[in-house]
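Examining the three-dimensional arrangement
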Amino acid sequence: MLFTDRADAGSRLAEALRHLEGEDPVVLGLPRGGVPVAFQVARALDAPLDVIVVRKLGVPYQRELGFGAIGEGGVRVISDDIVRRGRLDESDLASVEHAEAAELARQAERFRAGRQRLPLDGRTAIVVDDGVATGATAAAACEVARAQGAARVVLAVPVAPPDAAERLRTALDEFVCLSTPFAFSAVGEWYRDFSQTPDDEVVSLLARAAEGPGASEGTPEGPAADEDVEQEVAIDAAGVRLTGDLMVPAGAGAVVMFAHGSGSSRHSPRNRLVAAALNDAGLGTLLFDLLTPAEENNRAKVFDIETLAGRLAAATGWLRGRTAGQIGYFGASTGAAAALQAAAGSGADVGAVVSRGGRPDLAGPHLSGVLAPTLLIVGGNDTMVIELNRAAQTALRCENQLEIVPGATHLFEEPGALQQVADLARDWFLTHLVKQV
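With respect to the sheet that holds strand E1 (residues 26-29)
- Strand order in this open sheet of five strands is E2-E1-E6-E7-E8, and the pairing throughout is parallel. At either margin of the open sheet sits one strand with a lone partner, and together these are strand E2 (49-51) and strand E8 (174-179). Strand-to-strand, the axes of this sheet are offset by a mean angle of 25°, without reference to chain direction.
- Note: strand E7 (residues 152-159) against E8, five bridges, orientation parallel. From the neighbouring strand, leucine 155 faces E8, where its bridge partner is phenylalanine 175.
- In this fold helix H2 (residues 34-45) packs onto E1, E2, strand E6 (124-128) and E7, with an angle of close to 165° to the strand it touches most, E1.

So, in structure tokens, the structure goes:
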């Protein structure tokens, strides 16, 4: 089953939920993509619509592995088994929960625009998303809805893989899914239009639902150019749904995409320090993971530069539909090779590339096709990687420079070393990106 867009999916899903009309349900959309689907369901069932804000609590050393979730109203759902197996102590739990609680409060305030959360006590809660891959977040949302007082919890999605659907059917009061295709790799492949749902659309849809059936049907506008944009995004890259963090300061004329490699991710404090320096300089950043959580521990995937570069190129196309400014790449480890290979692609139009402790040599024959000015940054004590970068530099035909940070090792953990990386990257992008805008 192929859906035109989320509105189409929501209309079709509503028909499968007609049997719940007499239960006085509350429809809860998972942000962000689940809200446009839930809006159609709520309208068809003449039910109130709210957003259910859930934050996964990730194990500190493996963020994708959740040990629980939190929701509004102080709801806390913890997996004692994962806490025990992960050997997490109270300080670990408290630290993660404190950070996620702050983000949960921010999102709830942003989405509801001052409205109160709808009470669920004794009612049927219909939790809606635009699809599930593993179902972990949706299942956590259902647990939160139950903890908030719902008498019955129904999870409704347009599409899910058969294995996840089977797990959810046995774990919930009711699971409604329109399609469980055997050849499932990503939710987005089952939509003709699976473009990102911005925060402003969520806010607008919730406001329209609160106003009642007579609310305007107009299309919500995107964020104004004079406003900062900071949001978690879902990117459909070459058929795989990737998660990222987009930060675009007001008036930014360029966005730098971070291509992460082995041992690095969008959560890496090293990458976030560099990103913060770029944001402070007025540059936008998009930190996202080129590999799914299931792929990250597969060494062959980590060094599959062809796949990484293809996903980066696809994600670049996604970003171009949302920004008119120049785009640059910041690559770390094998992500540097992916960045250079993607930059060498036909019609890439990338303004500048920076590699931090990277393996540009793995881009091989693609190096000679890179046109973007390229900066290679290596630690002075990272001798093997220095030689690999020098070899790659001889193959580059574009403007390029090799900067060696004295006394630094591969991860630039020495005092002040990472700040030097951030300063070098900032200056390179300001010189080669901003001047082109």
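Remarks on the environment of glycine 328
- Structurally, glycine 328 is set in strand E13 (residues 326-332).
- The class for glycine 328 is buried, based on a relative accessible area of 0%.
- Considering only alpha carbons, one finds glycine 328 and histidine 432, 104 residues apart in sequence, at a separation of 9.0 Å.
- When residues no more than four places from it in sequence are discounted, the contact partners of glycine 328 are Val255, Val256, Met257, Val350, Ala352, Phe429 and Leu433.

Here we look at the environment of aspartate 280
- You can see aspartate 280 is positioned in helix H8 (residues 269-280).
- Since its relative accessible area comes to 70%, aspartate 280 is described here as exposed.
- For the pair aspartate 280 and proline 249, spaced 31 residues apart in the sequence, the C-alpha separation amounts to 8.4 Å.

Overview of the pattern of salt bridges
- Within the structure shown, the criterion is met by 19 salt bridges.
- Close ionic contact of glutamate 21 with arginine 18 constitutes a salt bridge, the shortest N to O distance being 3.4 Å.
- Looking at glutamate 21, the relative accessible area reads 38%, which means it is partly exposed.
- In this structure arginine 18 comes out as partly exposed when scored by relative accessible area, which is 31%.
- With its nearest N and O atoms 2.8 Å apart, the salt bridge here joins glutamate 103 to arginine 106.

A short note on the packing of aromatic side chains
- Considering all chains together, one arrives at three aromatic pairs under this definition.
- On the numbers, 5.5 Å between centres and 40° between planes, the contact of phenylalanine 3 with tyrosine 191 is tilted. Linking phenylalanine 3 in the segment before helix H1 (6-15) with tyrosine 191 in the loop between E8 and helix H7 (199-211), this pair joins segments that are 188 residues apart in sequence.
- Residue classification places phenylalanine 3 among the buried residues on the basis of a relative accessible area of 0%.
- Taking the relative accessible area as the measure of exposure, tyrosine 191 reaches 5% and is therefore buried.
- Look at tyrosine 191 and phenylalanine 194: their rings are 5.0 Å apart centre to centre, the planes differ by 40°, and that puts the pair in the tilted class.

Observations concerning the pairing of strand E10 (residues 240-248)
- For E10, the tally of buried residues reaches seven of nine residues, placing the bulk of the element in the interior.
- Inspection of the sheet shows strand E9 (residues 229-237) paired to E10 by nine bridges, in the antiparallel sense. By the bridge assignment, alanine 237 is partnered in E10 with valine 240.
- Pairing analysis gives four bridges linking E10 to strand E12 (residues 284-288), with the strands arranged antiparallel. Within the sheet, the bridge partner assigned to aspartate 245 lies in E12 and is leucine 287.

Re the packing of helix H10 (residues 305-320) against helix H11 (residues 334-343)
- Between H10 and H11, the least distance of the axes is 8 Å, while the angle of their chain directions is 60°. Accordingly, the angle class assigned to the pair H10 and H11 is oblique. Note on packing geometry: the crossing formed by H10 with H11 is right-handed. Residues Ile305, Glu306, Leu308, Ala309, Leu312 and Ala313 of H10 touch H11, and the partners they reach there are Thr334, Ala337, Ala338, Ala339, Gln341 and Ala342.

So, the confidence of the model for the protein chain
- Here the protein chain shows a mean pLDDT of 85. Residues at 70 or above account for 89%.
- A low-confidence stretch, residues 214-224 (pLDDT under 50), is modelled with 12 contacts involving residues beyond four sequence positions or located in other chains.

Basis of the calculations
Residues numbered from 1 in each chain as written. Predicted model: local features only at pLDDT ≥ 70, side-chain atom pairs only at ≥ 80, totals over all residues. Heavy atoms only, no water. Pairing = 2+ DSSP bridges. Helix = DSSP H or I, 4+ residues; strand = E, 2+ residues; numbered from the N terminus. Axes fitted to C-alpha atoms, helices over the stretch in contact; angles between N-to-C directions. Contact = heavy atoms within 4.5 Å. Buried < 20%, exposed > 50% of the residue type's maximum accessible area, 1.4 Å probe, protein only. Salt bridge = Lys/Arg side-chain N within 4 Å of Asp/Glu carboxyl O. Phe/Tyr/Trp six-rings, centres within 6.5 Å; stacked < 30°, edge-to-face > 60°. Parallel < 35°, antiparallel > 145°, perpendicular 65-115°, else oblique. Left-handed = near helix turned anticlockwise from the far one by under 90°. pLDDT = per-residue confidence, 0-100.

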